[in-house]
Amino acid sequence: MQILSEAIVDQVIQPRQQATHKGDFGRVLIVGGNAHFGGAAIIAASAAVYAGAGLVTVATDSHNHAPLHARLPEAMVIDSQRSDLIDAVHQATVVVIGPGLGDDEVTLERVLSAVTAQQTLVIDGSAITLYAANQPALPQAHIIWTPHQMEWQRLSGIAIADQTPETSAIAAAKLPGIVVAKSHRTTIFAGTDSYQNPVGSAALATGGSGDTLAGIIGAFNAQFGAHVTSTLAAVYAHSDISDQLAKTQFVTLPTAIIAQLPQYMAIHANK
Ligand SMILES: NC(=O)C1=CN([C@@H]2O[C@H](COP(=O)(O)OP(=O)(O)OC[C@H]3O[C@@H](n4cnc5c(N)ncnc54)[C@H](OP(=O)(O)O)[C@@H]3O)[C@@H](O)[C@H]2O)[C@@H](O)CC1
Ligand SMILES: Nc1ncnc2c1ncn2[C@@H]1O[C@H](COP(=O)(O)OP(=O)(O)O)[C@@H](O)[C@H]1O
Ligand SMILES: [Mg+2]
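These numbers come from a predicted model, not from an experiment.

### Quick notes on the sheet that holds strand 5 (residues 94–97)
- Within the open sheet, the 10 strands sit side by side as 1-10-9-8-7-6-5-2-3-4. Their pairing is mixed. The sheet is open, and its two edges are formed by strand 1 (2–3) and strand 4 (76–79), each paired on a single side.
- Two elements, strand 2 (residues 27–31) and strand 5, share 4 bridges in a ladder whose sense is parallel. Bridging across to strand 5, L29 finds its partner in V95.
- Here helix 2 (residues 38–50) sits on the sheet and contacts strand 2 and strand 3 (55–60); the angle it forms with strand 3, its principal contact strand, is near 170 degrees.

Here's what the structure looks like:
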């Protein structure tokens, strides 16, 4: 198991070429936010915008459209229950499904059936829980799972008390793609390789921290490429920003972490 360091962030986040436009930095589609969990989708979308995605669209319940625009005018929005969801999936570089999705199995299956092999698919939150229960067909895409310990229990069948790097590695190998097994010491499994995140603290133990990470992972894969290093850098950056804020803040709120992303990335792009 390789222990991550700040070097992964310096390696992945590079200065931008000047002869570019927003399309060069990827299109991220966030699918989530039912009528009760709209905040999760807004948090994930905000994280994706502030982490540098070229364009962000949110497919979410119509209850969330006005609140989303009020907080994040940079993001576009569509009604997840309408047919143009499929068009939005086809236009995306990366699809992040799950933050606040709740029990919307129909939307999950619509999205899974539309994603293609050339795309990246981040499966988070309720989408993990729904997949674990119903096992819908998965696309051939570059898949990144981001379960917390209970979601990992549902997906892997390993009780939380029995989740170790060894047991989790065996379960992760049975799934397509990368598994980001989130905990107080998040471990990432990619093929036969495994990595551990040495940073982060209980200041992250607040609702929305995982929604934030899902958005950062989406944005990093969209702009830096669908390589495991993009996901590793996102996991490290998320915790590293929290650790810096935690020097003076008892809990590091998702919105506080998100606000620090542009400055953090500027510093590391020039190291
Ligand atoms: N602002 C918003 O809109 C927010 C919306 N959100 C959205 O809510 C949806 C549901 O996600 P979820 O994580 O809240 O619920 P679920 O999957 O049922 O897991 C909780 C159960 O598992 C247990 N548990 C044990 N260990 C655990 C661990 N390490 N980490 C976490 N839980 C652990 C835990 O035990 P307990 O806390 O009761 O002791 C409890 O019984 C999802 O789509 C998400 O995006 C949230 O992001 C929050 C902000
Ligand atoms: N005590 C802790 N130490 C380090 N990281 C933590 C701690 N508690 C939570 N986290 C991190 O916060 C995030 C929580 O994810 P999740 O439970 O999915 O949050 P959400 O409420 O957004 O769904 C994960 O990245 C996890 O590693
Ligand atoms: Mg979560």
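### Some words on the packing of helix 6 (residues 125–134) against helix 7 (residues 149–156)
- At a minimum axis distance of 8 Å, the contact between helix 6 and helix 7 shows a crossing angle of 25 degrees. If you check the angle between helix 6 and helix 7, you find them roughly parallel. Considering how the two elements wind past one another, helix 6 and helix 7 form a crossing that is left-handed. From helix 6, G125, S126, I128, T129, Y131 and A132 reach across to helix 7, where they touch E151, R154 and L155.
- Looking at the contact of helix 6 with helix 7 residue by residue, the classes come out as 4 nonpolar, 3 polar and 2 charged.

Conventions we followed
- Numbering of residues starts from 1 in each chain and follows the order in which that chain's sequence is written.
- In the order they appear in the text, chains get letters beginning with A and ligands get numbers beginning with 1.
- Restriction of local features to residues with pLDDT of at least 70 applies here, the model being predicted, together with a cutoff of 80 or more for giving and counting side-chain atom pairs; totals for whole chains, interfaces and linings are based on all residues.
- Excluding hydrogens and water, the side-chain values take into account all heavy atoms of the structure.
- Two strands are said to pair when DSSP picks up at least two bridges between them.
- Each helix is a run of H or I in the DSSP string that is no shorter than four residues. Each strand is a run of E no shorter than two, and both are numbered from the N terminus.
- Working rule for contacts: check all heavy atoms of both residues, and any pair within 4.5 Å makes them a contact.
- Interaxial angle, 0 to 180 degrees, is taken between N-to-C directions of lines fitted to C-alpha atoms, where a helix line uses only the stretch in contact.
- Should an angle lie under 35 degrees it is considered roughly parallel, over 145 roughly antiparallel, and from 65 to 115 roughly perpendicular; all remaining angles are considered oblique.
- Left-handed is the label given to a crossing in which the near helix is rotated counterclockwise from the far helix by less than a right angle, and right-handed is the label when the rotation is clockwise.
- Three residue categories are used. Nonpolar comprises Ala, Val, Leu, Ile, Met, Phe, Trp, Tyr, Cys and Pro, charged comprises Asp, Glu, Lys and Arg, and polar comprises the others, including Gly.

Any functional reading would require information beyond the geometric quantities listed.
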